[in-house]
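Chain residues, written in single-letter form:
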Protein chains: 2
Amino acid sequence: MFKVKHLPIDTLREHVITIHQNAVRNGNLGFNPLDRAQVRGVHPVTGDMREVVGVLNFCSDLLVQPDEIGLSEQAFHDLGLPEGCAVTATLATAPESVDLVRAKLRGGRLSRGAFHEILTDICAHRYSRVELTMFVLACALKTLDSVEVVDYTQAMIDTGATLDFGPGPIADKHSVGGVPGNRTTMIVVPIITALGLKMPKTSSRAITSPAGTADTMGVMAEVALSASRLRQIVESTGGCIAWGGAVNLAPADDILITVERPMEVDTEAQMVASILAKKKSVGATHVVIDLPVGRTAKIATADAARELSDLFRVVAARIGVRVEIVISAALGPIGRGIGPRLEALDVMKVLRREPGAPADLREKSLHLAARILEMTDHVAAPYGYATARRVLDSGEALRQFQRIVEAQGARQLPPPALYCETIKSSGEGRISEFDCWEIARIAKLAGAPANVSAGVLLLKNVGDVAARGEPLMEVHAESAMQLEFAREYANTHPDIVQFAAEKADPKPRGEKP
Amino acid sequence: MFKVKHLPIDTLREHVITIHQNAVRNGNLGFNPLDRAQVRGVHPVTGDMREVVGVLNFCSDLLVQPDEIGLSEQAFHDLGLPEGCAVTATLATAPESVDLVRAKLRGGRLSRGAFHEILTDICAHRYSRVELTMFVLACALKTLDSVEVVDYTQAMIDTGATLDFGPGPIADKHSVGGVPGNRTTMIVVPIITALGLKMPKTSSRAITSPAGTADTMGVMAEVALSASRLRQIVESTGGCIAWGGAVNLAPADDILITVERPMEVDTEAQMVASILAKKKSVGATHVVIDLPVGRTAKIATADAARELSDLFRVVAARIGVRVEIVISAALGPIGRGIGPRLEALDVMKVLRREPGAPADLREKSLHLAARILEMTDHVAAPYGYATARRVLDSGEALRQFQRIVEAQGARQLPPPALYCETIKSSGEGRISEFDCWEIARIAKLAGAPANVSAGVLLLKNVGDVAARGEPLMEVHAESAMQLEFAREYANTHPDIVQFAAEKADPKPRGEKP
């Protein structure tokens with residue numbers, strides 16, 4: 001028997017069980033590190049048996065005594081026993097559904113029932129990191145056929161919560177990631193909902209990026225809303241811009257993402273399944289999918305975008321969601337700021353129709369809003385764009401945004417970052433491209449998204465001419481160390497900016513040098 | 001800047017870096033859990049820059065303060081800075097060789113250079129558990145052609161230490177796992193080396209089994225020998241029975257095994273590469289490979305065994321090792337005992353030619369020794385078996401075993417386990433098969449191999465007749481709890497024993513009941 005101890009280690013979704021190495025040596029257990037163990041005990045008040053399964057780590061006195069068992073944050077929470085409660089620990093086997101994953105790896109097919117079984121175990125945190133990786137790889141690399149992707153999507157929906165806002169139309173949108181600053185949601189939702197359509201938008205926090213929509217919205221309003229508050233807000237304002245993680249929609253995806261992120265392999269099926277599952281779970285009937293294509297964006301080629309579009313269309317049709325795919329070119333970030341606060345400033349400039357508002361963010365948002373208005377038959381084609389622009393230019397969108405912010409709970413915009421440094425151009429000419437991935441990396445090195453005011457502010461756009469030594473961007477950071485990391489990276493990676501082949505030439509074309 | 005702190009957590013081969021969650025909130029870092037971070041600092045005495053890369057965990061006060069960075073056992077050791085030393089932490093990217101793994105996953109080929117690059121990074125602990133899983137899967141599932149397996153094997157050899165005992169012949173053997181009690185090494189090595197051949201045998205500790213050869217030898221002698229001691233012992237006695245993990249032969253395998261074990265997918269190429277790399281690394285010229293085939297063993301069918309044999313032969317030829325493959329039927333464990341001490345007793349009974357010595361262990365050992373003697377041309381065929389038997393029956397093998405034990409450092413045989421319980425037969429008839437996997441599981445539940453005296457002692461062999469309620473096996477354990485776990489498992493899994501279709505009938509055939 002052991003006493004259970006709470007070890008406040010955030011291991012994301014993996015349950016970690018820590019035992020003292022002497023507990024093994026002294027003969028209490030025959031365990032090896034990374035074995036799977038089951039911890040079981042009786043609740044002292046309710047009298048019911050509780051159990052949790054996790055991966056074993058061994059340690060010495062610092063963490064636990066030989067008669068204690070330490071449980072990581074989530075495992076302790078899931079076991080639900082008070083500290084000090086008596087528990088036993090036994091070797092546990094992998095969940096049976098891992099056999100289905102192995103069969104898929106050997107080249108089989110997975111049925112809807114199989115996906116359901118696997119995702120149920122994943123949602124219950126029964127998969128170790130190794131097994132999660134096996135499942136993601138089994139589904140990656142184009143090994144799922146479209147029926148499997150449909151079944152996968154449906155299983156993701158069925159293993160999570162769903163919301164119901166009536167028969168609709170319920171509008172939604174999703175931008176496939178990889179383009180920093182692409183915060184169109186915060187402009188599209190107010191436009192669409194100002195016109196009386198419902199748009200219960202949930203977004204993710206940053207996964208590999210310097211800011212997700214939930215991070216950017218989060219600097220101005222509460223975004224961690226319970227399902228019931230979210231429903232209330234949508235009923236009263238028509239829309240919301242919330243963090244999806246708080247609502248438990250298609251939660252399997254939130255777990256899989258923890259291993260998907262470091263893997264960086266093509267997971268087209270995974271992407272389609274998780275996006276459409278999240279949309280269907282909020283009851284969306286009409287969804288616009290924004291696919292930015294660029295050499296340094298997540299989708300690199302037009303061919304890849306077309307293939308992905310086809311899969312989106314097939315799966316959406318089968319789960320009863322209408323989609324419209326918008327493919328756009330990504331030659332660099334959208335807007336000027338990258339990082340939660342700097343992106344929020346861009347959004348507000350567009351909504352307030354300020355002179356310096358980034359035109360690319362404004363135009364893209366209007367375009368996506370137009371597609372939603374026309375596909376829901378709210379506005380007849382081709383008047384979607386004009387309608388969206390009228391709502392934005394009249395200030396209706398701004399007022400509607402403020403209503404949503406108030407309903408969610410307004411927040412004071414945080415102050416600018418303490419440190420700021422200008423990065424100068426090491427080349428010259430007309431800027432043809434910014435490297436999305438590298439710009440994101442600089443912003444992350446500067447501290448985004450954890451430091452909401454940190455990030456990058458572009459001083460030049462694609463199409464602008466830059467002279468050697470001219471300021472190109474600012475790096476904002478909350479500490480001198482982070483400023484230095486970001487600055488050093490920016491200055492040692494000149495490829496971040498690409499110049500067009502023709503050289504910038506301030507002199508008239510007729511003159512010879 | 002942080003102060004480095006030693007966190008004695010044994011995470012096996014994954015470097016884990018633990019930071020306080022407030023270190024992020026307070027704006028020192030923009031990290032997410034499971035991000036990869038680089039920790040860097042200057043050694044206060046030597047003045048040189050040290051660094052280590054690992055996977056991030058977040059925690060609260062219990063483990064580290066906000067100005068501290070905790071490093072797991074191996075990471076702290078690899079960094080080599082004293083506790084309290086000032087370090088910085090930055091986001092780190094995956095090693096470049098992970099791109100090669102991704103390319104392989106997409107269906108490419110890996111060159112020898114690619115394998116070398118990948119294994120070098122793995123040996124330096126630069127791969128996270130997710131990336132190790134990706135690599136194992138990229139190489140599993142029969143996706144490597146035989147040239148790739150050769151290159152993989154060579155890269156495993158090149159990224160580890162090697163021993164050189166001269167031109168040879170240097171004999172070696174390997175038994176593919178999955179058959180409990182298969183401790184032939186401890187009988188073959190004394191026979192072969194008593195005849196003047198060199199046999200520097202290194203073995204593994206248990207990975208998924210209740211005992212590896214290194215565990216069983218470990219109850220009677222030191223097995224963690226440095227390369228120089230191992231060389232000394234082999235020079236003086238002709239052989240050794242040592243733990244390979246202490247000598248750093250093909251160390252990549254020791255790391256990959258940590259994720260391979262929970263995966264349980266077919267990793268034929270991995271198996272061949274790692275076995276032959278370990279053999280070549282000790283300079284072996286002649287190797288006998290024991291492939292036990294059985295429904296419940298690691299190799300389930302004769303077809304699988306033949307396919308595996310072919311791959312062994314191709315790769316061995318290319319790296320310059322002669323192999324002979326011995327395929328045998330595995331209908332259950334070899335010998336009577338399962339668990340380090342109980343297996344050691346079986347070995348000693350065979351070496352001492354005691355009346356109750358397990359015949360299967362004796363015969364299999366003689367057969368394997370015969371193959372080695374004939375393939376090295378030490379004894380002309382067909383006199384290998386007779387020669388081996390003479391050495392065993394004359395007591396020469398026993399005396400040679402004792403010489404090796406003395407040279408390695410003799411140990412007192414541990415006392416029997418404190419608890420013992422008999423498991424009775426729930427069926428009746430002639431025993432046709434024991435389930436290797438289930439027997440191993442019972443022994444592990446009882447505490448083996450961590451508790452060296454724990455395990456299972458079979459009271460019946462395949463071919464014996466058992467009546468219902470007759471004692472079938474004993475479970476040995478060091479605690480009442482483990483005894484109960486093992487006993488319960490054994491009693492609730494009657495399929496562990498299979499009876500032949502014909503019913504046992506003590507009465508003469510002519511009589512009717």
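Note that this is a predicted model, so its numbers are computed, not measured.

Trainee: Which parts of the structure should I look at to understand the overall build of chain A?
Mentor: Across its full length, chain A holds 18 helices and 19 strands. In terms of overall dimensions, chain A is globule-like: its C-alpha atoms have a radius of gyration of 25 Å, near the 24 Å expected for 513 residues. Along the first, second and third principal axes, the C-alpha set of chain A runs to 90 × 55 × 50 Å. Sorting the 513 residues of chain A into buried and exposed places 58% on the buried side. Contacts in chain A between residues at least 24 apart in sequence constitute 79% of all its contacts with a sequence separation of at least 6.

Trainee: I would appreciate a short explanation of the sheet that holds strand S12 (residues 322-329) of chain A in the present structure.
Mentor: Two orientations exist for strands paired in a sheet by backbone hydrogen bonds: parallel and antiparallel. Residue and element names in this part refer to chain A. As summarised here, the arrangement of the three strands in space is S8-S11-S12, forming an open sheet in which the pairing is parallel. Strands at the two margins of the open sheet, each flanked by one partner only, are strand S8 (171-175) and S12. Averaged over all pairs of adjacent strands, the angle between strand axes in this sheet comes to 20 degrees, irrespective of strand direction. Two strands pair when backbone bridges link them, and strand S11 (residues 286-293) and S12 are joined in this way by eight bridges, in the parallel orientation. What sits directly across from Val287, in S12, is Val323.

Trainee: Got a minute to help me understand the environment of Val176(A) in this structure?
Mentor: Residues and elements named next belong to chain A. Take Val176: it is sitting in the loop between S8 and helix H7 (185-194). Classification of Val176 as buried rests on a count of 22 C-beta atoms within 10 Å. Taking the C-alpha atoms as reference points, Val176 and Pro494, separated by 318 residues in sequence, lie 27 Å from one another. Apart from residues no more than four positions distant in its own chain, Val176 is found in contact with Asp290, Leu291, Pro292, Lys298 and Ile299.

Trainee: Help me understand the domain arrangement of chain A, please; the structure alone is not making it clear to me.
Mentor: How big an interface is tends to be reported as the loss of accessible area on association of its parts. Per the domain assignment, the segments of chain A are domain 1 (2-91), domain 2 (171-246 + 276-408) and domain 3 (419-499). A separation of 43 Å is found between the C-alpha centroids of domain 1 of chain A and domain 2 of chain A.

Trainee: Even after reading the chapter, I still don't get the nonpolar core, so can you show me in this structure?
Mentor: It is characteristic of soluble globular proteins that their nonpolar side chains tend to be buried jointly. By size, the foremost hydrophobic cluster in this structure holds 287 residues, and its most contacted members are Ile191(A), Ala446(A), Ile191(B) and Ala446(B). Here Ile191(B) is in contact with Ala369(B), Ala388(B), Val391(B), Leu392(B) and Ala397(B), once residues within four sequence places are set aside.

Trainee: Please explain unusual backbone geometry as it appears in this structure.
Mentor: Excluding glycine, a negative phi dihedral is what most residues carry, and trans is how most peptide bonds are arranged. Residue and element names in this part refer to chain A. The peptide bond linking Ala381 to Pro382 adopts the cis configuration, its omega dihedral lying at 5 degrees. Looking along the chain, the bond that leaves Ala448 and enters Pro449 is cis, with omega of 0 degrees. Phi is positive for Ala250, which is not a glycine, with a value near 40 degrees. Within the fold, Ala250 resides in the loop between strand S10 (239-243) and helix H10 (251-263). Phi angles above zero are rare outside glycine, and Asp377 is one such case at about 60 degrees. Relative to the helices and strands, Asp377 resides in the loop between helix H14 (359-375) and helix H15 (384-393). Assessed through the 10 C-beta atoms surrounding it within 10 Å, Asp377 is described here as exposed.

Trainee: What is the right way to look at the confidence of the model for chain A in this model?
Mentor: The predicted coordinates should not be examined in detail at positions where pLDDT is low. Residue and element names in this part refer to chain A. Looking at chain A, the pLDDT average stands at 89 and 94% of residues meet or exceed 70. Segment residues 508-513: pLDDT under 50, and zero contacts once partners within four positions in sequence are set aside and those in other chains are kept. For this predicted complex, the interface confidence reaches an ipTM of 0.74, while the overall pTM sits at 0.81.

Trainee: Where do I start with the environment of Gln21(A) in this structure?
Mentor: Residues and elements named next belong to chain A. By secondary structure assignment, the location of Gln21 is in helix H1 (residues 21-25). For Gln21, a count of 17 C-beta atoms within 10 Å gives the class partly exposed. On a C-alpha basis, the gap between Gln21 and Gly41 in space is 21 Å, while along the polypeptide they are 20 residues apart.

Trainee: Got a minute to help me understand the sheet that holds strand S13 (residues 337-338) of chain B in this structure?
Mentor: Residues and elements named next belong to chain B. If you trace the four strands from one edge of the open sheet to the other, you get S13-S16-S18-S14, paired in antiparallel fashion. The open sheet has two edge strands, S13 and strand S14 (419-424), and neither has a second partner. Taken together, the two bridges between S13 and strand S16 (residues 455-458) define a ladder with antiparallel strand orientation. Looking across to S16, one finds that Ile338 is bridged to Val456.

Trainee: Which parts of the structure should I look at to understand the environment of Asp158(A)?
Mentor: All names here are of chain A. Within the secondary structure, Asp158 sits in helix H6 (residues 146-158). For Asp158, a count of 17 C-beta atoms within 10 Å puts it in the partly exposed group. Expressed as a C-alpha distance, the spacing of Asp158 and Pro292, which sit 134 residues apart in the sequence, is 30 Å.

Trainee: Got a minute to help me understand the packing of helix H17 (residues 436-445) of chain B against helix H18 (residues 480-491) of chain B in this structure?
Mentor: When two helices pack together, their arrangement is given by the angle between the helix axes and by the axis-to-axis distance. Residues and elements named next belong to chain B. Close contact between H17 and H18 brings their axes to 8 Å; oriented N to C, the two are set at 160 degrees. Overall, the two elements H17 and H18 adopt an arrangement that is roughly antiparallel. Across from Arg441, Ile442 and Leu445 in H17, the residues of H18 making contact are Gln482, Phe485, Ala486, Tyr489 and Ala490. Of the residues that constitute the contact of H17 with H18, the class distribution is six nonpolar, one polar and one charged.

Trainee: Any chance you could explain helix H3 (residues 97-105) of chain A here in plain terms?
Mentor: Each full turn of the α-helix corresponds to 3.6 residues, which orients residues three or four apart in the same direction. All of the buried residues in H3(A) are Ser97(A), Val98(A), Leu100(A), Val101(A), Lys104(A) and Leu105(A). Down the axis of H3(A), the smallest arc covering the buried residues is 150 degrees, so these residues share one side. Buried residues along H3(A) sit against helix H4 (112-123) and helix H5 (129-139) of chain A together with helix H5 (129-139) of chain B. Backbone geometry just after H3(A) places Gly107(A) at a positive phi near 110 degrees.

Trainee: Can you walk me through the packing of helix H7 (residues 185-194) of chain B against helix H16 (residues 396-408) of chain B in this structure?
Mentor: All names here are of chain B. Relative to each other, H7 and H16 sit at 100 degrees, their axes nearing to 8 Å. Here H7 is positioned roughly perpendicular relative to H16, judged by the angle of their axes. Contact with H7, carried on its side by Ile187, Pro190, Ile191, Thr193 and Ala194, involves Glu396, Ala397, Gln400, Phe401 and Ile404 of H16 and no other residues of that element. Grouping the constituent residues of the contact of H7 with H16 by class yields seven nonpolar, two polar and one charged.

Trainee: Explain H16(B) to me, please; I cannot follow it from the model alone.
Mentor: Residue and element names in this part refer to chain B. The end-to-end C-alpha distance of H16 is 18 Å, a good match for the 18 Å that 13 residues give at a rise of 1.5 Å each. Residues of H16 that are buried in the fold lie against H7, helix H9 (227-237), strand S10 (239-243), helix H13 (340-351) and helix H15 (384-393). Positive backbone phi, at 115 degrees, marks Gly409, one or two positions downstream of H16.

Trainee: Before we go on, may I ask you to explain the pairing of S10(B) in this structure?
Mentor: The side chains of a regular strand alternate between the sheet's two faces. All names here are of chain B. Counting buried positions along S10 yields five of five residues, so the element is predominantly enclosed. Judged by which residues are buried, S10 turns out to be covered on both faces: Gly239, Ile241 and Trp243 on one side and Cys240 and Ala242 on the other are all buried. Where strand S9 (residues 199-203) lies against S10, five bridges are found, and the strand directions are parallel. The partner of Pro200 across the bridge, within S10, is Cys240.

Scoring rules and cut-offs
- Residues numbered from 1 in each chain as written.
- Chains lettered and ligands numbered in written order.
- Predicted model: local features only at pLDDT ≥ 70, side-chain atom pairs only at ≥ 80, totals over all residues.
- Helix = DSSP H or I, 4+ residues; strand = E, 2+ residues; numbered from the N terminus.
- Rg over C-alpha atoms; globule rule 2.2 N^0.38 Å.
- Buried ≥ 20, exposed ≤ 12 C-beta atoms within 10 Å, placed from the backbone.
- Contact = placed C-beta atoms within 7 Å.
- Pairing = 2+ DSSP bridges.
- Axes fitted to C-alpha atoms, helices over the stretch in contact; angles between N-to-C directions.
- Domains from an automatic or database assignment.
- Core = buried A, V, L, I, M, F, W, Y, C linked by C-beta atoms within 7 Å.
- pLDDT = per-residue confidence, 0-100.
- Parallel < 35°, antiparallel > 145°, perpendicular 65-115°, else oblique.
- Nonpolar A, V, L, I, M, F, W, Y, C, P; charged D, E, K, R; others polar.
- Arc of directions from axis to C-beta.
- Expected span 1.5 Å × (residues − 1).

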